Amino acid sequence: MSAITTVIFDMFNTIAQDDHEMWHQSFRRIIDEQGLDTTPETLRLAWDQGSDNFRKRRIDPDEPFISYLDGWADAFARAFEDLSLQGDPKAASRQSIRDLAGRPLFPDAPEALSILSRSRRLAVLSNADDAYLNPVVARIPATFAAVVSSEGGQCYKPEPGLFESMLHQLQADPSECVYVGDKQFEDVKGARGVGMSAVWINRRSEPTNPDLPAPDAQIRDLLELPAVLNRLR
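About the cut-offs
Residues numbered from 1 in each chain as written. Predicted model: local features only at pLDDT ≥ 70, side-chain atom pairs only at ≥ 80, totals over all residues. Heavy atoms only, no water. Salt bridge = Lys/Arg side-chain N within 4 Å of Asp/Glu carboxyl O. Buried < 20%, exposed > 50% of the residue type's maximum accessible area, 1.4 Å probe, protein only. Helix = DSSP H or I, 4+ residues; strand = E, 2+ residues; numbered from the N terminus. Core = buried A, V, L, I, M, F, W, Y, C linked by side-chain atoms within 4.5 Å. Contact = heavy atoms within 4.5 Å. Phe/Tyr/Trp six-rings, centres within 6.5 Å; stacked < 30°, edge-to-face > 60°. Lys NZ or Arg CZ within 6 Å of the ring centre and 35° of its normal.

Student: Mind showing me how you'd approach the pattern of salt bridges here?
Tutor: Once their charged atoms are close, side chains differing in charge can pair, the charge on each being opposite to the other. As enumerated under the stated definition, the model contains twelve salt bridges in all. The salt bridge partner of R57 is E63, with a shortest N-O separation of 3.5 Å. Judged by its relative accessible area of 30%, R57 is partly exposed. For E63, a relative accessible area of 36% corresponds to the partly exposed category. In this structure, D187 and K157 form a salt bridge, with 2.7 Å as the shortest nitrogen-oxygen distance. Taken together, the residues D187 in helix α9 (residues 184–193) and K157 in the loop between α7 (150–153) and α8 (160–170) connect sequence positions 30 residues apart. You'll find D187 and K157 in the same group, each marked buried. Overlapping salt bridges bring together D10, K157 and D187 as one network.

Structure, rendered in structure tokens:
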């Protein structure tokens, strides 16, 4: 294997936190701002159905690209209709995006990125709209050689086009890159599909899906990554 010169990161639930409680707070905020007669739990369950449809649509190569702003607005429109609520779907989607833009970093991320930046290039490749990805990137105390979003690339992981766009921007060969992400389907499969090594940051110790490509390594914490990269090299 070639020497690893570049580490490319997923963002949410890899570098930045994005958990159920944070979304609960977003749904509470939407309800309060729009004066909706429901609970965060009820709205979330209804929204999840539309969000699942959006998730399937965005990995269907026959479907046109749709941003998170529009995909989540469609999910809110369905949820409001199912719950007989007079809500504003677009405003709810914009609130979700504003909240995502403020997500905190994992405590291990700043130190790990600082260590890695001493010897390797860093980059970010994320399924995200620029409106919430870029503000998080701006708060990270590290320099990134490239930042590619699904919105910028007009496709979603694990489609190879997004990874190929990153490789083009970096002028890098896949063999010198490692991709680090929290999902076996989007991240491991996507990276392996273009010839990159893949490290699965499996913070919750989820079981490996044998029907998907296996990662080259698994970690629970980004501070484990420098030693893993030395072994992969």
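Student: Where do I start with the nonpolar core in this structure?
Tutor: If you look at soluble globular proteins, the nonpolar side chains tend to sit buried side by side. By size, the foremost hydrophobic cluster in this structure holds 54 residues, and its most contacted members are F9 and M11. Counting residues per element, this core draws most heavily on helix α3 (residues 68–82), which supplies six residues. In this structure M11 touches A16, V124, S126, L133, V136, V137 and I140, once residues within four positions along its chain are discounted. Among the nonpolar cores identified, the runner-up in size contains 20 residues, and L167, C177, V188 and A198 belong to it.

Student: Could you clarify how one ought to interpret the environment of Q184 in this entry?
Tutor: Here Q184 lies in helix α9. Sequence separation of Q184 and P104 is 80 residues, and the distance between their C-alpha atoms is 23 Å. Ignoring sequence-local partners within four residues, the contact set of Q184 consists of K189, W200, T208, N209, L212, P213 and A214.

Student: For this particular structure, what's the right way to read the packing of aromatic side chains?
Tutor: Two aromatic rings, taken as a pair, are described by how far apart their centres are and by the angle between their planes. Going through the model one piece at a time under the given rule, you end up with 17 aromatic pairs. Aromatic side chains W72 and Y132 sit 6.0 Å apart centroid to centroid with 20 degrees between the ring planes, which places their arrangement in the stacked category. Of the two residues, W72 is situated in helix α3 and Y132 in helix α6 (residues 130–138); the sequence distance between them amounts to 60 residues. Across this residue pair, the class does not change: W72 and Y132 are buried. What links up through ring pairs into an aromatic cluster is the set F12, W23, F27, W47, F54, F65, Y68, W72, F76, F80, Y132 and Y156. Here R58 stacks its cationic end above the ring of Y156, 5.7 Å away from the centre of that ring. The aromatic ring of F106 is capped on one face by R203, whose charged end is 3.6 Å from the ring centroid.

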